[in-house]
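Notes for the structure review
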Amino acid sequence: MTSLTLAQKGTPLPYGALAEYANSVSPGTFSVKWQEGSSLKDKDKAANAVIATDNGEEIVGQGPTVAYILRFLPQMSPEVSQWLTFSLEQLGTAAAFKDLEQAFAQLDQHLQMRSYLAGYTVTAADVAVWGALRASAIFQRNLKLESQQVLGEALMRWYVHISTQPFVERLSESLAQLQANSSKKGSSGEKKAADQGKFDLGLENVEYGKVVTRFPPEPSGYMHIGHAKAALLNEYFARLYNGKFIVRFDDSNPSKEKSEFEDAITEDLRLLGIAGDKITHTSDYFQTIYEYALQLIRSGGAYVDDTDKERIKEERMDGIASRCRDQSVEENLERFEQMRLGTEMGERCCLRAKISVDCPNKAMRDPVIYRCKPVPHHRTGTAWKIYPTYDFCCPIVDSLEGVTHALRSMEYRDRNPLYAWFFPALNLRPVAIQDFSRMNFVYTLLSKRKLQWFVDNGRVTGWDDPRFPTVRGIRRRGMTIEALRQYVLMQGASQKNMLLEWDKIWSLNKKIIDPVAPRHTALLKRELVPATIVGGPTESYIKQVPKHKKNPELGTKQTVFSPLVFVDQADAATFAVNEEITLMDWGNAIVSNIERIDNVVTGLTLQLHLEGDFKTTKKKITWLGQDSAMHPVEALLVDYDYLITKKKLEEDDEIIDVLTPVTEFDEPAIVDANVGNLSKGSIIQLERRGYYIVDKLANESELGLITLIKIPDGKASSMASKHNQNETNAPAPSKKSQKAAKSSKNQKKQDPDAALGLPRPEDVCNMYKTDPMYGDVKLANPKDISSMYETNKFY
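A few points on the structure. Please read these numbers as outputs of a predicted model, since none were measured by experiment.

1. Section: the overall build of the protein chain
A tally of helices and strands in the protein chain yields 25 helices and 31 strands. For the protein chain, the residues scored as buried account for 50% of the 795 residues in total. Pairs at least 24 residues apart make up 72% of the contacts formed inside the protein chain by residues separated by at least 6 positions. Per element, the accessible surface of the protein chain, about 39900 Å² overall, is 49% carbon and sulfur.

2. Some words on the side chain of Ser-283
Relative to the assigned elements, Ser-283 resides in the loop between strand S7 (278-281) and helix H12 (286-298). Residue Ser-283 is classed as buried on the basis of its relative accessible area, which comes to 7%. Within the structure, the side chain of Ser-283 is placed 2.6 Å from the side chain of Asp-251, a separation counted as a polar contact. The residues contacting Ser-283, other than those within four sequence positions of it, are Asp-251, His-377, Arg-379 and Thr-380.

3. Side note on the environment of Ala-406
Its place among the elements puts Ala-406 in strand S12 (residues 405-409). Classification of Ala-406 as buried rests on a relative accessible area of 0%. The spacing of Ala-406 and Arg-214 is 192 residues in sequence and 6.9 Å in space, taken between C-alpha atoms. In this view, Ala-406 contacts Arg-214, Asp-398, Tyr-419, Val-431, Ala-432, Ile-433 and Gln-434; residues no more than four positions away in its chain are not counted.

4. What about empty space enclosed by the protein?
The gaps left among the atoms become clear once a water-sized probe is rolled over them. Enumeration according to the criterion identifies four cavities of 30 Å³ or more in this entry. Lining the largest cavity are 18 residues, and of these Thr-521, Thr-559, Trp-623, Leu-624 and Asp-672 lie nearest its centre. Put simply, the parts of the chain that give the lining of the largest cavity at least two residues each are strand S20 (556-561) and strand S26 (624-625). Here the lining of the largest cavity gets four residues from one element, more than from any other, and that element is S20.

5. Focus: the sheet that holds strand S5 (residues 212-215)
Taken together, the three strands give an open sheet; going across it, the order is S5-S6-S7, and neighbouring strands pair in parallel fashion. Strands with a single pairing partner mark the edges of an open sheet, and in this sheet they are S5 and S7. On average, each strand axis in the sheet is inclined to that of its neighbour by 30 degrees, with strand direction left out of account. The sheet contact formed by strand S6 (residues 244-249) and S7 spans four bridges and is parallel. Residue pairing in the sheet places Arg-248 in a bridge with Thr-280 of S7.

6. Considerations on the packing of helix H20 (residues 481-491) against helix H21 (residues 503-513)
With their axes 9 Å apart at the nearest point, H20 and H21 run at an angle of 135 degrees to one another. On the basis of the axis angle, H20 is oblique to H21. Between H20 and H21 lies a crossing whose hand is right-handed. Contacts from Glu-482, Ala-483, Leu-484, Gln-486, Tyr-487 and Met-490 in H20 reach Lys-504, Ile-505, Leu-508, Asn-509 and Ile-512 in H21. The residue inventory of the contact of H20 with H21, partitioned by class, reads seven nonpolar, two polar and two charged.

7. Re the pairing of strand S31 (residues 706-711)
Burial of S31 is extensive: five of the six residues sit out of reach of the surface. Of the strand pairs in this sheet, strand S27 (residues 633-640) and S31 are connected by four bridges, and their pairing is parallel. Bridge pairing in S31 links Leu-637 to Leu-708. Two strands pair when backbone bridges link them, and strand S30 (residues 690-696) and S31 are joined in this way by five bridges, in the antiparallel orientation. Each bridged residue has a counterpart across the sheet, and for Ile-693 the counterpart in S31 is Ile-709.

8. Some words on the pattern of salt bridges
Summed over all chains, the structure comprises 33 salt bridges. Salt-bridge contacts for Arg-352 lead to Asp-305; the nearest nitrogen and oxygen are separated by 2.9 Å. With Arg-352 in strand S9 (residues 350-353) and Asp-305 in strand S8 (residues 302-305), this pair connects stretches of sequence that are 47 residues apart. Considered together, Arg-352 and Asp-305 belong to a single accessibility category, that of buried residues.

9. Here we look at the packing of aromatic side chains
On inspection of all chains with the given rule, the structure shows 26 aromatic pairs. Centre to centre, the rings of Tyr-236 and Phe-237 are 5.3 Å apart; their planes meet at 90 degrees, and the pair counts as edge-to-face. Judged by relative accessible area, Tyr-236 falls into the partly exposed class, the value being 24%. With a centroid separation of 5.2 Å and an interplanar angle of 80 degrees, the aromatic rings of Trp-421 and Phe-422 are classed as edge-to-face. By relative accessible area, Trp-421 is classed as partly exposed at 23%. For Phe-422, a relative accessible area of 0% corresponds to the buried category. Ring-pair connections join several aromatic residues into one group, and the members of that group are Phe-286, Tyr-290, Phe-336, Tyr-370, Trp-384, Tyr-387, Phe-392, Trp-421 and Phe-422.

10. As for the nonpolar core
Met-223, Ile-225, Leu-269, Leu-272, Leu-484, Trp-502 and Ile-505 are the most contacted members of the largest nonpolar core, which has 55 residues in total. Here the element with the most residues in this core is helix H10 (residues 225-240); it accounts for nine residues. Dropping the residues within four chain positions of it, Trp-502 is found in contact with Ile-225, Phe-441, Val-442, Thr-444, Ile-474, Tyr-642 and Met-719.

11. A word on a negative patch on the surface
Taken together, the side chains of Glu-650, Glu-651, Asp-652, Glu-654 and Asp-657 define an acidic patch exposed on the protein surface. Its location among the elements puts Asp-657 in the loop between S27 and strand S28 (664-671). Owing to a relative accessible area of 34%, Asp-657 belongs among the partly exposed residues under this scheme.

12. Structural notes on helix H11 (residues 259-271)
Taking 1.5 Å of rise per residue, the 13 residues of H11 would be expected to cover 18 Å, and the 18 Å separating its terminal C-alpha atoms lies within 8% of that figure. The set of residues buried in H11 consists of Phe-261, Glu-262, Ala-264, Ile-265, Asp-268 and Leu-269. Along the long axis of H11, the arc covered by the buried residues comes to 165 degrees, so they all point the same way. When the buried face of H11 is taken as reference, the exposed residues oriented beyond 90 degrees from it are Asp-263 and Arg-270. In this structure, the buried side of H11 is in contact with S5, H10, S6, S7 and helix H19 (471-476). Backbone geometry just after H11 places Gly-273 at a positive phi near 75 degrees.

13. Some remarks on H10
The first and last C-alpha atoms of H10 sit 22 Å apart over 16 residues, in line with the 22 Å expected at 1.5 Å per residue. A large share of H10 lies buried, amounting to 13 of its 16 residues. Where H10 ends, the next residue or the one after it, Asn-242, has phi of about 55 degrees, a positive value.

14. Thoughts on the sheet that holds strand S25 (residues 620-621)
Pairing in this open sheet of seven strands is mixed, and the strands run S25-S22-S23-S24-S18-S21-S26 from one edge to the other. Two strands lie at the open edges of the sheet, namely S25 and S26, each paired on one side alone. Two strands pair when backbone bridges link them, and strand S22 (residues 580-583) and strand S23 (residues 587-597) are joined in this way by four bridges, in the antiparallel orientation. Looking at S23, one finds that Glu-580 is bridged to Ile-590.

15. What to know about the pairing of strand S21 (residues 564-567)
Residues in a regular strand point their side chains to alternate faces of the sheet. In the sheet, strand S18 (residues 529-534) pairs with S21 via four bridges, with the strands oriented antiparallel. Bridge assignment links Ala-531 to a residue of S21, and that residue is Val-565. Where S21 and S26 come together, two bridges link them in antiparallel fashion. Counterpart to Val-565 in the pairing with S26 is Gly-625.

Rules behind the numbers
- Residues numbered from 1 in each chain as written.
- Predicted model: local features only at pLDDT ≥ 70, side-chain atom pairs only at ≥ 80, totals over all residues.
- Heavy atoms only, no water.
- Helix = DSSP H or I, 4+ residues; strand = E, 2+ residues; numbered from the N terminus.
- Buried < 20%, exposed > 50% of the residue type's maximum accessible area, 1.4 Å probe, protein only.
- Contact = heavy atoms within 4.5 Å.
- Areas by Shrake-Rupley, 256 points an atom, 1.4 Å probe, with all protein chains shown as cover.
- Polar contact = N/O pair within 3.5 Å; in protein donor to acceptor, adjacent residues only side chain to side chain.
- 1 Å grid on protein atoms, 1.4 Å probe; cavity = no way out; pocket = protein on both sides within 12 Å on 5 of 7 lines; lining within 4 Å.
- Points joined across faces, edges and corners; volume = space filled by probe spheres on them.
- Pairing = 2+ DSSP bridges.
- Axes fitted to C-alpha atoms, helices over the stretch in contact; angles between N-to-C directions.
- Parallel < 35°, antiparallel > 145°, perpendicular 65-115°, else oblique.
- Left-handed = near helix turned anticlockwise from the far one by under 90°.
- Nonpolar A, V, L, I, M, F, W, Y, C, P; charged D, E, K, R; others polar.
- Salt bridge = Lys/Arg side-chain N within 4 Å of Asp/Glu carboxyl O.
- Phe/Tyr/Trp six-rings, centres within 6.5 Å; stacked < 30°, edge-to-face > 60°.
- Core = buried A, V, L, I, M, F, W, Y, C linked by side-chain atoms within 4.5 Å.
- Patch = residues over 30% accessible without salt bridge, like charges linked within 9 Å, V, L, I, M, F, W, Y side chains within 5 Å.
- Lys, Arg positive; Asp, Glu negative; His and termini not counted.
- Charge placed at Lys NZ, Arg CZ, Asp CG, Glu CD.
- Expected span 1.5 Å × (residues − 1).
- Arc of directions from axis to C-beta.

Given below as structure tokens:
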């Protein structure tokens, strides 16, 4: 096998990336190895990569090295060759900042509507450019600062996407192994290499091949976008260091957990492309955890408390010791046995760790670590009547399963000292904790309890409702797994909590689906306008046209050209007689007659003018023809609003006070017959309307209509809350939403100020009226106070 050796500090990443890409095309082509230093041959900077062929030949230098690797790649198109040259000449490490800035701008512009540099899959062009950017200190510095002004959003999105490719992961793994070995030497005084744009949490005590991370979801609900980040980050670091990733179901609360949720989480992880090397359950360790609880009691580190729940809460808040805190070990063991048996007395008790009464960190004030709950468990049945809390079982099972790094969101930061306290208290191997920020979005609830309220009260159709932030919900809304993965990795392992807007993730999603979404046509049924075509076909005919003009690989669709077509009322209402318009995918036409009844257009006559230039017309409209063999298909176009009207919900906010009255809007429409052949989950673009996903086929819908859900595109108009829009401009609310809005109105609390009897101005606003403080004040004449010249009124 041919070997490629890379100098760690010699920025050889373009070569390494191309070689690993060659291994993707033909496994086993190159053996890629790293070596410390900036050169592999004394101080020859050009020798940052050396190829040793099977016949003993040695190849050194940028040109010969790249040329040799390219021999093992598929024949390149001219476009790929152009980008390869671009990567070597314009992105080289010797390039000046101004030149690099221009190159970044060129790349960002090229990638605005593309997922890849050349074509629709990864090519050598993407590999070479990614390698050059990975080796560029300037690019990496700006990437770390998330400087869109310098790099551009499209370029940053593309770079992160390519960084998730298998060939990059292999390259990163081999480099991480060298860095891990070097870190051992670093402790003896050697200078460490600069960390430039490293996607890292600063994991301590890393040993390549021995890192173990875990994702411990509780099977009490469906995975939401925040859980997806936790799962993706834990898997990312396990793979980065060639370690092990464990998926562990934290099933220690039987009153909330169901097998249904566990199956759903498993399926969501599969959809996200996340696979655990091992799948376990906390319930697998119930006996062991119980024995550790006994050990803690015998050592004086825990006591059984029969104080009522509210009293315990008050005493913890006020820093008051429980009357049970100084019970003897024997009494605590006896009471714990009553808990295990589920007796009447045992049900009144809980086991508390004996840590502190008045610690400033209230999480350390004798926390509850075991509760008595005589309810069946979905896996262990009635074998247990006591169950450990997450705070107790998590450090124990992490240690027992060999977890080296527990990556947790910032919400657990106050509980980190508690997590660490159990290791010496139980003589367990300690586990390092690393925090990362939680993903919080505007107008969005991530609390399972609050989401459950919407389900229980019929405000949504279920946990996969398109308005929900669950993985299933956003997928049903049209979010691709690729966009979700890219977005999470773009967020990185930052520890800064932010309230995120939805625009970026949906904008990223649009850039992924746009190149591959077939184009189709839809017209609203409401006041649909028939148009007679003059100078066109006397009989209808069917013609094959591209599904996507910029992506011929998607194939063709059938389009009906007929003497009678239909157009939208919204378009027809803007036409004037003798105006020239463009019928998309057909040609120009002149409006020769308009029929109206009460300002509603009821018919059009269009004179076909195919020799006209479409560039001269202002109105390009969609239309649908009809044929006896191909009728337009009836559909329902559905759009949604946020479930709440407040960007960020505070702790004391009541859901009922911030409910959006109407959150679902639908419009009956007709679509071209090709849509009837689409499968569920297909993503398309309806010309001039946006992107849609097929949610239900006609035979699955109560109304017998194909249901198409609109996919947000990240633009301000699609991301703004519809609640404040004028009702005449907003989409039509669905019957379900109207019913929900009425119910919400009935539940709404009365105005607490109504009883005060304060005067309110009529028909103006709902603010209180106040009298002028200084009476009527006459304003000065503008001529007396300004040197500006006077202008006459326009109207």
